[in-house]
Amino acid sequence: MSPSRRLALVLTVLSVVLVLAAAGALFLGSAHLSPGTVVAAVAGRAAPESIERVVTLSIRLPRIAAAVLAGGALAVAGVAFQALTRNPLAEPSVLGISAGAAFGVVIGQSFGLGLTVREAVGLTAFAFAGALIAAGAVYVIAAVGAGLSVQTLLLAGVIVGIFFSAAITVVISVLDFNRLGGVVHWLLGNLAPIPPGALGLFALLSALGFALVVTHARELNLMALGEEALLQLGVAADRLKLVIFVGAALLTASVVAFVGPIGFVGLIVPHILRILLGSDNRVLVPAALVGGGIFLLLADTLARSIVAPAELSVGVITSFCGAPFFIYLLRTRYRANL
Amino acid sequence: MSPRDTALAELRDVSFSYPATGERRARPFALSNLSLAIAPGEIVGVIGPNSSGKTTLIRLLTRVLEPAAGEIRLDGVPIGRLARTELARRVAVVPQGILPQFPFTVGELVLMGRYPHDPGRYFESPRDRAAAREAMEATGVLQLADMPLEHLSGGERQRAVIARAVAQEPRLLVLDEPTAHLDLRYQVEAAALLRRLNRERGMTILLVSHDLNLAAEVCDRLLLLNSGRAAAIGSAEAVLEETLLGSVFGCGVAVDRSETTRRPVVRLVWRAEAPAVRAGEREVPETT
C-alpha cells in the first residue's frame, strides 16, 4: 500500500471511532435525556428554550468539541516535543511547559481576562509567554554540560514544573479568591462549556499550531538522526527547531488557556499510536490529532459519569492513566544514551 | 587539465578552531592549513590519533562548521555557495553509530536519505522508493527493510546506515569510523562493501578511520593527520611508514606486508615492560 493511501485509511478509521465516541458522549450525562430527545435536539426539532435543547446543544456539544480539540492539540504537541528533544518521554506537562503556560493564564486572569473572544486572545498570549519562559528555563537548566541527555531534560522539566506550580499558588493566595473563581478546578483541567466565540478561537489557534507541525512532519523524522545528520541531509536545523517549538508551544498554550493544564495526553496517545502505526511522523502527527481527540473525549465522558451527578476533572483521569504509563515507558522503552 | 580542475572535492589551506569554552583550554587550531584534493572515483582514507582533526574535517566538508580560513570546493564551486540540500545531494555522511531514539524501520531510515532530492514532498515518490530499494540491495539489507533498527545486529545496523547514505545518491560518500565497536568479520564485510560501492556505483569515498589496516586495505591514498596538520599524504605504502607512525601515534609500530594483498599491515609493538607514567606527564607526547 502506498504511504498516502495508508495514511488515508488510518485517518478514516480513527475518524469513524471519533464520530462514534462523540455520538456516545452526546447521549450520556447527568440530565438523563432519552436518546430520542437528544436526536430531536440535534436535528433542531426541540423547542428553543427546552431543557433537551440547552443540554444537548449548549452544554454537551461544546464540551465534546473542547475535549476533541484539546486532546488533539496535546497529542500533536507531545509528538512534536518528543521529536524536538529526541526524547520519547517528553510531553508538555512532563517538560513543565504546561505549568509555565498555566502560570501565564493565572497572571492573565488576575488582570481580569476571561473567555470572551477578545480577552481569550490576551489569555492565550499570556499562556504562550508562560510556555516560552518555562521551555527556555528547561533548556538552560538541561543544556549544562554536553548535549541534552534524557535524564537532565526530564529533571529540568520536573523542577520547572514544581517552580511554576508554586508560583501559581502564590498568585492565587495573594489575589482576591472571588476573581479567580474556579481556578482550582481549572488547574486540574476543566472541560466545562466554552462560549462559541472562544471555542472558535481555540480551534483556530490549534489549527495553526497543527499546521506548523504537520508541514514539517518529514523533517521531524530526520531529527531523530541528530543535529549533525539533520544539517548533512540539507535541513536548516535551527529554523526547523524554532518552527516546531513555536507550533508545540502554541498548541500547549491554547489548551491551557481554554481548558487548563491537562497532563499526560501528549505521552499516552503518541505512544499507543507508535505501537499501532510505527514511528513515521507523517502518519503519527495527523493520527495524533484525531487519536488525541478520541482519548480525551473518552476520558472526559468517564470523568463526568463515574461519580455522577458530581463530576471529576478530566485531568484527574488522564493523570491516573498517565502516571503508570510513564513508569512503564521509563522501565521498558528507555535508552539512557542518546 | 590540472588536478585542481578535475577534483571532486578540494580543500585549500583550510584552517579551523573551536571556540574556547570555560574550563577547556583554548586549543590550537583543530585544523591548520590543510589542503587535500579528492579526484572522482578515488577512495581516500583519513587516519590519525584522537583529536587530530578527522571529524572536524567531515564537519567542514558538510558545512556543519565554517572554516576560519581557506576554501572548500565541490566540483569547483565553493560549498558556501551551494544550498544545503544541493550539498546534501553531492556529499553523504555515514556517521558513527548513533541509533535513533524511536523504533524506525530499516526502510524508513533509508528513505530519509532521499530528503535532499525533493524536500517539499510529504511522502517520497516512486523514484525515491526505487532508489532506496537499490541502496538496500547494494548493502545487503533489503530483506531487513521492515525490521526496526533496534532489532538488528551491530553490523546489520551499520549497513542500514550506509544504505541511507547510498540512497542519497551522493558523488562523495564520507564514512566516519565505520568499523568502530564492530567485530573482525564486519571489517572484512565493510572493506568489500566499500570497494563494491566504489566500483559498481562509481562512488568517490572518503573513509575516516582509526583502523589503519582497513584504510590501508581499501584506500587508494591516505591522509595522515596529526594535531590538525597533514603529517603525510600519499599511497598507503608511503604514509604507513614505521618512524612516521611511531612519532605521530607516540608508540612503537611495525609495518609488514599482507601475504595475500601485498598491502601494508600495521602492528603495535608492545614494549617488554610498560613504562610508568609519571605524575603530570601526558600519556601521549605531543609531537611538533
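Keep in mind the model is a prediction, meaning the values are calculated, not measured.

**Here's the deal with the overall build of chain B**
Here comes step 1: Counting secondary structure elements, chain B contains ten helices and twelve strands.
Here comes step 2: A burial count over chain B gives 42% of its 288 residues as buried.
Here comes step 3: Considering only contacts within chain B whose residues lie at least 6 apart along the sequence, 65% involve residues at least 24 apart.

**Here's the deal with the overall build of chain A**
Here comes step 1: Tallying secondary structure elements over chain A gives 14 helices and zero strands in all.
Here comes step 2: Reading the helices (α) and strands (β) of chain A from amino to carboxyl end gives α-α-α-α-α-α-α-α-α-α-α-α-α-α.
Here comes step 3: Here chain A has a C-alpha radius of gyration of 20 Å; the compact-globule value for 338 residues is 20 Å, and the two agree.
Here comes step 4: Dimensions along the principal axes, computed over C-alpha positions, put chain A at roughly 65 × 60 × 35 Å.
Here comes step 5: In chain A, buried positions account for 52% of the 338 residues.
Here comes step 6: For chain A, the proportion of contacts with a sequence separation of at least 24, taken over those separated by at least 6, is 79%.

**Let's talk about the sheet that holds strand S7 (residues 172-176) of chain B**
Residue and element names in this part refer to chain B.
Here comes step 1: Read across the sheet, six strands follow the order S6-S7-S8-S3-S9-S10 without closing on themselves; strand pairing throughout is mixed. Each edge of the sheet is formed by a strand with only one pairing partner; in this case those strands are strand S6 (91-94) and strand S10 (229-234). Sheet twist, expressed as the average angle between the axes of neighbouring strands with direction ignored, equals 15 degrees.
Here comes step 2: By the bridge criterion, five bridges tie S7 to strand S8 (residues 204-208) in an arrangement that is parallel. Paired with Leu 173 across the bridge in S8 is Ile 205.
Here comes step 3: Helix H6 (residues 154-167) contacts S6 and S7 of the sheet and is inclined by roughly 175 degrees relative to S6.

**Concerning the sheet that holds strand S5 (residues 77-78) of chain B**
Residue and element names in this part refer to chain B.
Here comes step 1: In space, the four strands of this open sheet follow the order S2-S1-S4-S5, with antiparallel pairing throughout. The open sheet has two free edges, formed respectively by strand S2 (31-38) and S5, since each of these has just one partner strand.
Here comes step 2: Bridge count between strand S1 (residues 9-16) and S2: five bridges; the pairing is antiparallel. Within S2, the position partnered with Leu 11 by the bridge is Leu 36.

**A word on the interface of chain B and chain A**
Here comes step 1: At the interface, 22 residues of chain B touch 24 residues of chain A.
Here comes step 2: With four residues, the top contributor of residues to the side of chain B that touches chain A is helix H3 (residues 84-90) of chain B.
Here comes step 3: Taken together, the residues of the side of chain B that touches chain A sort by class into 16 nonpolar, four polar and two charged.

**A closer look at unusual backbone geometry**
Residues and elements named next belong to chain B.
Here comes step 1: Positive phi outside glycine occurs at Arg 63, with the angle close to 60 degrees.
Here comes step 2: Checked against the element boundaries, Arg 63 lands in the loop between helix H2 (54-61) and strand S4 (69-74).
Here comes step 3: Here Arg 63 falls in the partly exposed class, since 18 other C-beta atoms lie within 10 Å of it.

**Quick word on the pairing of strand S9 (residues 221-226) of chain B**
Residues and elements named next belong to chain B.
Here comes step 1: In terms of burial, S9 is largely enclosed, as five of its six residues are buried.
Here comes step 2: Relative to S9, strand S3 (residues 43-47) is paired through four bridges, and the arrangement is parallel. If you follow Val 46 over to S9, its bridge partner there is Leu 223.
Here comes step 3: Direction of pairing for S9 relative to S10: antiparallel, over a ladder of five bridges. For Leu 224, the partnering residue across the bridge sits in S10 and is Ala 232.

**Some points on the pairing of S3 of chain B**
Residues and elements named next belong to chain B.
Here comes step 1: When you tally the buried positions in S3, you get five out of five residues, the bulk of the element.
Here comes step 2: Neither face of S3 is open: one carries Ile 43, Gly 45 and Ile 47, the other Val 44 and Val 46, and all of them are buried.
Here comes step 3: In this structure, S3 lies alongside S8, joined through four bridges in parallel fashion. Across the sheet, the residue bridging to Val 44 is Leu 206, located in S8.

**Examining the confidence of the model for chain A**
Here comes step 1: Across chain A, the average pLDDT comes to 88, with 94% of residues at or above 70.
Here comes step 2: The lowest-confidence element of chain A is helix H7 (residues 183-187) of chain A, averaging 73 in pLDDT; the highest-confidence one is helix H9 (residues 217-223) of chain A, averaging 96.

**Some details on the environment of Ala 8 of chain A**
All names here are of chain A.
Here comes step 1: Within the secondary structure, Ala 8 sits in helix H1 (residues 3-27).
Here comes step 2: Residue Ala 8 is classed as partly exposed on the basis of its C-beta count, with 13 C-beta atoms lying within 10 Å.
Here comes step 3: Through-space distance from the C-alpha of Ala 8 to that of Ala 287 is 9.9 Å; in sequence the pair is 279 residues apart.

**Side note on the nonpolar core**
Here comes step 1: Counting 197 residues, the largest nonpolar core has Val 76 of chain A together with Val 174 of chain B as its most contacted members.
Here comes step 2: A total of 18 residues in this core trace back to one element, the largest contributor, which is helix H3 (residues 51-85) of chain A.
Here comes step 3: Sequence-distant contacts of Val 174 of chain B, defined by excluding residues within four places in its chain, comprise Ile 58, Leu 61, Val 91, Ala 92, Val 93, Val 94 and Leu 206 of chain B.

**Concerning the environment of Arg 171 of chain B**
All names here are of chain B.
Here comes step 1: Mapping Arg 171 onto the fold places it in the loop between H6 and S7.
Here comes step 2: In this structure Arg 171 comes out as partly exposed when scored by C-beta crowding, with 17 C-beta atoms within 10 Å.
Here comes step 3: The spatial distance from the C-alpha of Arg 171 to the C-alpha of Arg 89 is 7.8 Å, given a sequence separation of 82 residues.
Here comes step 4: Residue contacts for Arg 171: discarding those within four places in its chain leaves Leu 8, Arg 90 and Thr 204.

**A look at the environment of Pro 286 of chain A**
Here comes step 1: Mapped onto the fold, Pro 286 of chain A is located in helix H13 (residues 281-305).
Here comes step 2: Setting aside chain neighbours within four positions, we find Pro 286 of chain A in contact with Leu 7, Leu 11 and Val 214 of chain A.

**A short note on the packing of helix H5 (residues 117-142) of chain A against helix H11 (residues 237-259) of chain A**
Residue and element names in this part refer to chain A.
Here comes step 1: Between H5 and H11, the shortest axis-to-axis distance is 8 Å and the interhelical angle comes to 130 degrees. By the angle between their directions, the pair H5 and H11 is classed as oblique. In this structure, H5 meets H11 at a crossing whose hand is right-handed. Listed contacts from H11 to Ala 120, Leu 123, Thr 124, Ala 127, Phe 128, Ala 131, Leu 132 and Ala 135 of H5 are Phe 245, Ala 249, Leu 250, Thr 252, Ala 253, Ser 254, Val 256 and Ala 257.
Here comes step 2: When grouped by side-chain class, the residues that make up the contact of H5 with H11 number 13 nonpolar, three polar and no charged.

**Here's the deal with H2 of chain B**
Residue and element names in this part refer to chain B.
Here comes step 1: Taking burial as the measure, the eight residues of H2 include seven buried ones, the bulk of the element.
Here comes step 2: When H2 is considered as a whole, its buried residues turn out to be Lys 54, Thr 56, Leu 57, Ile 58, Arg 59, Leu 60 and Leu 61.
Here comes step 3: One or two steps after H2, the chain reaches Arg 63, where phi turns positive at roughly 60 degrees.

**Some thoughts on the confidence of the model for chain B**
Here comes step 1: Looking at chain B as a whole, the pLDDT averages 88, with 89% of positions reaching at least 70.
Here comes step 2: In the predicted assembly, ipTM is 0.87 and pTM is 0.90.

How each quantity is defined
Per chain, residues are indexed from 1 in the order of the written sequence. Written order decides the labels, with chains lettered from A and ligands numbered from 1. The predicted nature of this model means local features are confined to residues of pLDDT at least 70 and side-chain atom pairs, given and counted, to a pLDDT of 80 or more, with totals for whole chains, interfaces and linings taken over all residues. The secondary structure listing takes helices from DSSP runs of H or I that are at least 4 residues long and strands from runs of E that are at least 2 residues long, numbered from the N terminus. Working definition of burial: number of other C-beta atoms within 10 Å of the residue's own, with buried at 20 or more, exposed at 12 or fewer, and partly exposed in between, all C-beta atoms being placed from the backbone. By the criterion used throughout, residues are in contact when their C-beta atoms, derived from the backbone, lie within 7 Å. All radius of gyration figures rest on C-alpha atoms, and the globule criterion is 2.2 Å times the number of residues raised to 0.38. Here the rule is simple: two strands pair whenever DSSP picks up at least two bridges between them. A fitted line through C-alpha atoms represents every axis, and for helices the fit uses only the stretch in contact; the resulting angles, taken between N-to-C directions, go from 0 to 180 degrees. Residue type decides the class: Asp, Glu, Lys and Arg count as charged, Ala, Val, Leu, Ile, Met, Phe, Trp, Tyr, Cys and Pro as nonpolar, and the leftover types, Gly among them, as polar. The predictor attaches a confidence to each residue, called pLDDT, with possible values from 0 through 100. The nonpolar core is taken to be a set of buried Ala, Val, Leu, Ile, Met, Phe, Trp, Tyr and Cys residues joined by way of C-beta atoms within 7 Å. Oblique is the label for every angle not falling under 35 degrees (roughly parallel), over 145 degrees (roughly antiparallel), or within 65 to 115 degrees (roughly perpendicular). Helix crossings are classified by the rotation of the near helix relative to the far one: an anticlockwise turn of less than a right angle makes the crossing left-handed, while a clockwise turn makes it right-handed.

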